[in-house]
Amino acid sequence: MAVRLTRLTVEHSEEPFGVDVQPRFGWVVDGGGAGIRVRSWQLDLFAPDGRHLWSRDDPSGGPGVDVEYDGPALRSLTRYRWQVTVAADDGLARASSSFVTGLLDDDWRGAQWISHPTPSGAAPLLRQEFTVPQLTAPSYLVVGAGGYARPEINGVLVPGFDLAPDFTDYDVTAQYRVVEITELLRPGRNAVGVELGRGFYGMASPSTWNWETAPWHDEPCVRILIVTGDEVVVVSDEGWRAIDGPTRYDDLYGGEDFDARDDRPGFSKAGYDDAGWAPVTPARGPRGRCLNQRQQPIAVAQVFAPDRVEQSAPGRWLFSFPRVIAGRVRLQVDGAAGEVVTIRTAERLRADGRPDNDDPYGYYAGRFQESRITLAGEPLRWAQRFGYQGFRYVEVDASAQPVVEAELLHTAVARIGRFHCSSALLNRLHELTVDTVLNNLHGLPTDTPMYEKNGWTADGMLGTELMLLSLDSHELLAKWAADIAASRHGAGAPEVIAPHGGWSMDWTPAPTWHAALLFVPWEIYRQRGDERVLADTWADASAYLEFELARWPDGIADTTLGDWVSPDADPAGGNAPEDARVAATAFLIAGLDIAATTAAVLGHDPRNWHAQAERVRRRFVEEFFDAGRAQVVGAGDRGDRQTHQVLALAFDLLPERHRQAVADTLARIIRENGDHLNTGALGTKYLLPQLTRYGHADTALAVALQTDYPSWGLWVESGATSLWEHWSPAARSHGHYFLGTIDDWLFRSVAGISPAAAGWREIRIEPAVLGLGLTSAEADVLTPLGRAGVSWRIEESELVIDVDIPVGAVAIVQLGDREWTVAAGRHRLNGPVPTAPTDQPRTVSSL
């Protein structure tokens, strides 16, 4: 089979709009026989009129990953076509694609920030009419907003603007979106309208995170530009008109109020009578630099019908859905004019059978997850416009039973990785993990879609690997890495949530959370080969580490945030009962190690970082390691602490001669605990991988398959439809992913696939649980080079392993103390099931 070219990307997206950085091109070479090699390739870029602008070639046939443009300056809001030609062993393959640039010169062509002149708290509607003489070139709409913008053209809602643009620190950056609207325009008179929501920019209701007093806080505003070819068709300016819209209140935590009597259908159509509207006023707008929204837009991924409906009281209905989701209620209802329909949502039910949308922690100075709809005396279809909620249960107060559905809403990341094995429990955990992560992706990785919606840095740091394995989250995480860096504002440590709106609670010091500034970019580089994310965050990351080193001159760090939500910690949230200095110092050392490696990748001198890491390592050993007990021990620990041992092993903190003994101690502690873990979020990520690394895969698997407290299996046995924030059913949230990091181990050790070099250019195939009871496992990942996969099964005491390696990569297949190197293509290995490190498959054949 001849090779073919697929997944042509610019900035890691297929046919993107708004590219406003130096473009990087990528492509995947699929097909061909076993061992197929690319001999050479050529990349060509063409102007809209077909002129050849630039070419790049590689006579050695290197990978088609992040090939950076270095040609003539490109023009803003212009579609460019590109073509790549690849010469492989079996012939030529050619494919083409295109991309549309953004505002490369940051020139909005006169468009101003505008808002409602006399804000009342309602979501304003803004409109303008314009004339298009003829449509001879593509037309593009550019929208920036303080808050959220919901644009319409000629009565049609423009796709791609659910909760858009995404949230940032508006004093540093403000994202805009570019979409093509050629099909929505017509020659002659046209109109554009937009409804504005508050989001995190103009949140009015107080909350514990102080978003209502953020430095950027202001009324919602918008900046709009429409071009057709080189012609500016319309810009937002003082000629626009505004009025209060039907959304009378919107709050990301509280919900929304919608008054159908104030709806204005057709306001975005030409000829609409806006005589009663007021002229807009210029707005200050976000002070940050305008950047294209690089990550995928938020969108409706699925619509659920309720699996149970019951009338719980006169005029009250309870709708139960198949699982916990992040999203919004879609309602069809009828009633008299002025009737108020109330909607309450929650992840679980109270003891009285009603949705638990209480606020037991005092986070909000108002209502929580409750929306109110005032009817106009005719049938209404409604969904929340400027928010989303975490829920499984919906309660509706109405005079007649409504039709209720649930929209799953999250950043539109594609599924790129899958895992399956002979254990139904492990399969269920994998799917629950992916579902829970998706519930927490809304322009950044969040902490619970119900309670917080905040980007807690350690949560996302711990989940970065599993996100990149299963989901096309590269650009979202790269955007969030920039948010973390920006939260420093040029000094000190990054904040514990990013973006950060000036939350008055001081969590310093917290090197366990601050480490995300090193860990997240590094994991993106490891999984996707993206050097730019390392370069973009390096100045802040290195300056932060210098700050951290100065803060702890004796080499022992401390933290307010330790191994959060261990089984013996408060289910509402809290540290494990152990010396938090162990985790703090461990993550400081790990950050220094990453800095040394990052410096080398970027061409900087890594020696200072190596030296600092070794200095702090020595202090860690002096302070915490008991060689006689082969154990890491902290001051005031309650019992033997698993996480202390796990972090020391994961980050290579101990002299090599002691590591195996400490791993043996860890395994013993776990066995004495009935093969149960006792780790919180920090330790859980590394627990099973370190047990497996040091020859205790049997203990790791035993922990993974437990079904009583504390365990992942308890969640499954309890009927969980997403992961919990604590091991206990009393966890604050039943929609949190950071204890689901078992997923890393499922790919790496159960199926046995992981990257051995940045961007999967080398792949390690090493199933580590053979002969321990599982009879099969498989996993695959869409890497930057193409799909890589492994599948193993035991058939009548024989082991069969199938391996798929993408073109441009090589794989090391290891079983015990022997290994094979395999090139691109499909390969099969057969042999007896290993019962000892020396038992190996006997034959290798290509498929």
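Residues numbered from 1 in each chain as written. Predicted model: local features only at pLDDT ≥ 70, side-chain atom pairs only at ≥ 80, totals over all residues. Heavy atoms only, no water.

(A) Here's a closer look at the overall build of the protein. Helix and strand counts for the protein come out as 15 helices and 43 strands. Taken over C-alpha atoms, the radius of gyration comes to 28 Å for the protein, in line with the 29 Å a tight globule of 847 residues would show. By principal-axis analysis of the C-alpha atoms, the protein measures approximately 85 × 70 × 60 Å. When each of the 847 residues of the protein is scored for burial, the buried share is 62%. Taking the contacts inside the protein whose residues are at least 6 apart along the sequence as the reference set, 73% of them involve residues at least 24 apart. Accessible surface computed for the protein: about 29,000 Å², of which carbon and sulfur atoms make up 47%. Distance from the positive charge centre (77 side chains) to the negative charge centre (114 side chains) of the protein: 2 Å. (Helix = DSSP H or I, 4+ residues; strand = E, 2+ residues; numbered from the N terminus. Rg over C-alpha atoms; globule rule 2.2 N^0.38 Å. Buried < 20%, exposed > 50% of the residue type's maximum accessible area, 1.4 Å probe, protein only. Contact = heavy atoms within 4.5 Å. Areas by Shrake-Rupley, 256 points an atom, 1.4 Å probe, with all protein chains shown as cover. Lys, Arg positive; Asp, Glu negative; His and termini not counted. Charge placed at Lys NZ, Arg CZ, Asp CG, Glu CD.)

(B) A look at the packing of helix H3 (residues 457-470) against helix H4 (residues 474-486). With their axes 11 Å apart at the nearest point, H3 and H4 run at an angle of 160° to one another. As judged from the angle between their axes, H3 and H4 are roughly antiparallel. By crossing handedness, the relation of H3 to H4 is classed as left-handed. On the side of H3, the interface is formed by Thr 457, Gly 460, Met 461, Thr 464, Met 467 and Leu 468, while H4 contributes His 474, Leu 477, Trp 480 and Ile 484. Class assignment of the residues belonging to the contact of H3 with H4 gives a composition of 6 nonpolar, 4 polar and no charged. (Axes fitted to C-alpha atoms, helices over the stretch in contact; angles between N-to-C directions. Parallel < 35°, antiparallel > 145°, perpendicular 65-115°, else oblique. Left-handed = near helix turned anticlockwise from the far one by under 90°. Nonpolar A, V, L, I, M, F, W, Y, C, P; charged D, E, K, R; others polar.)

(C) Main features of the confidence of the model for the protein. Per-residue confidence for the protein gives a mean pLDDT of 96; residues scoring 70 or more make up 98%. Segment residues 836-847: pLDDT under 50, and 35 contacts once partners within four positions in sequence are set aside and those in other chains are kept. (pLDDT = per-residue confidence, 0-100.)

(D) Local environment of unusual backbone geometry. Geometrically, the link from Ala 498 to Pro 499 is a cis peptide bond, its omega value of 0° lying close to zero. Residue placement: Pro 499 occurs in the loop between H4 and helix H5 (511-514). Of the consecutive residues Tyr 709 and Pro 710, the connecting peptide bond is found in the cis state with omega at -10°. When you line up the elements, Pro 710 lands in the loop between helix H13 (697-704) and helix H14 (712-717). Although it is not a glycine, Arg 109 adopts a positive phi angle of roughly 55°. Mapping Arg 109 onto the fold places it in the loop between strand S8 (91-101) and strand S9 (114-115). Judged by relative accessible area, which is 29%, Arg 109 ranks as partly exposed.

(E) Expanded view of the packing of aromatic side chains. Under the criterion given, the structure shown has 43 aromatic pairs. Ring geometry for Phe 167 versus Phe 200: centroids 4.1 Å apart, planes at 15°, classification stacked. In this pair, Phe 167 sits in the loop between strand S13 (156-157) and strand S14 (173-180) while Phe 200 sits in the loop between strand S15 (188-197) and strand S16 (221-228), placing the two residues 33 residues apart along the sequence. As far as the burial class goes, Phe 167 and Phe 200 line up, both buried. Aromatic rings pair up to connect Trp 209, Tyr 253, Tyr 361, Tyr 363, Tyr 364, Phe 368 and Tyr 451 into one cluster. For Lys 453, the ring lying beneath its charged end belongs to Tyr 388, and the centroid distance is 4.9 Å. Lying over the aromatic face of Tyr 686, Lys 685 brings its terminal NZ or CZ to 5.7 Å of the ring centre. (Phe/Tyr/Trp six-rings, centres within 6.5 Å; stacked < 30°, edge-to-face > 60°. Lys NZ or Arg CZ within 6 Å of the ring centre and 35° of its normal.)

(F) Quick peek at the pairing of S15. Within S15, 8 of the 10 residues are buried, which leaves it mostly tucked inside the rest of the structure. One ladder, built from 8 bridges, connects strand S10 (residues 124-132) with S15; its direction is antiparallel. Considered in S15, the bridge of Arg 127 is made with Gly 193. Across 6 bridges, strand S12 (residues 148-153) lies against S15 in antiparallel orientation. Bridging across to S15, Ala 149 finds its partner in Leu 196. (Pairing = 2+ DSSP bridges.)

(G) Spotlight on the sheet that holds strand S5 (residues 52-58). Strand order across the open sheet formed by 5 strands is S2-S8-S7-S4-S5, with mixed pairing between neighbours. If you trace the sheet from one side to the other, it starts and ends with strand S2 (17-19) and S5, each paired once. This sheet shows a mean twist of 35° between the axes of neighbouring strands, independent of strand direction. Of the strand pairs in this sheet, S2 and S8 are connected by 2 bridges, and their pairing is parallel. Residue pairing in the sheet places Val 19 in a bridge with Thr 101 of S8.

(H) Spatial organisation of the pattern of salt bridges. Scanning the entire structure with this criterion turns up 73 salt bridges. A salt bridge links Asp 171 to Arg 287; the nearest nitrogen and oxygen atoms lie 3.0 Å apart. You can see Asp 171 sitting in the loop between S13 and S14 and its partner Arg 287 sitting in the loop between strand S22 (281-282) and strand S23 (289-292), a full 116 residues away along the chain. Here Asp 171 falls in the partly exposed class, since its relative accessible area comes to 24%. According to the relative accessible area criterion, Arg 287 is partly exposed, its value standing at 46%. One network of salt bridges, with partners in common, ties together Arg 316, Arg 344, Arg 354, Glu 370, Arg 372, Glu 395 and Asp 397. (Salt bridge = Lys/Arg side-chain N within 4 Å of Asp/Glu carboxyl O.)

(I) Geometry of the nonpolar core. Leu 426, Phe 519, Phe 651, Leu 688 and Trp 745 are the most contacted members of the largest nonpolar core, which has 187 residues in total. Looking at this core element by element, the count peaks at 13 residues for helix H8 (residues 580-602). Beyond its immediate chain neighbours, meaning those up to four positions away, Trp 745 contacts Leu 688, Pro 689, Thr 692, Ala 700, Leu 701, Ala 704, Val 750 and Val 769. In this structure, Leu 8, Trp 27, Val 38 and Val 67 belong to the second largest nonpolar core, which totals 27 residues. (Core = buried A, V, L, I, M, F, W, Y, C linked by side-chain atoms within 4.5 Å.)

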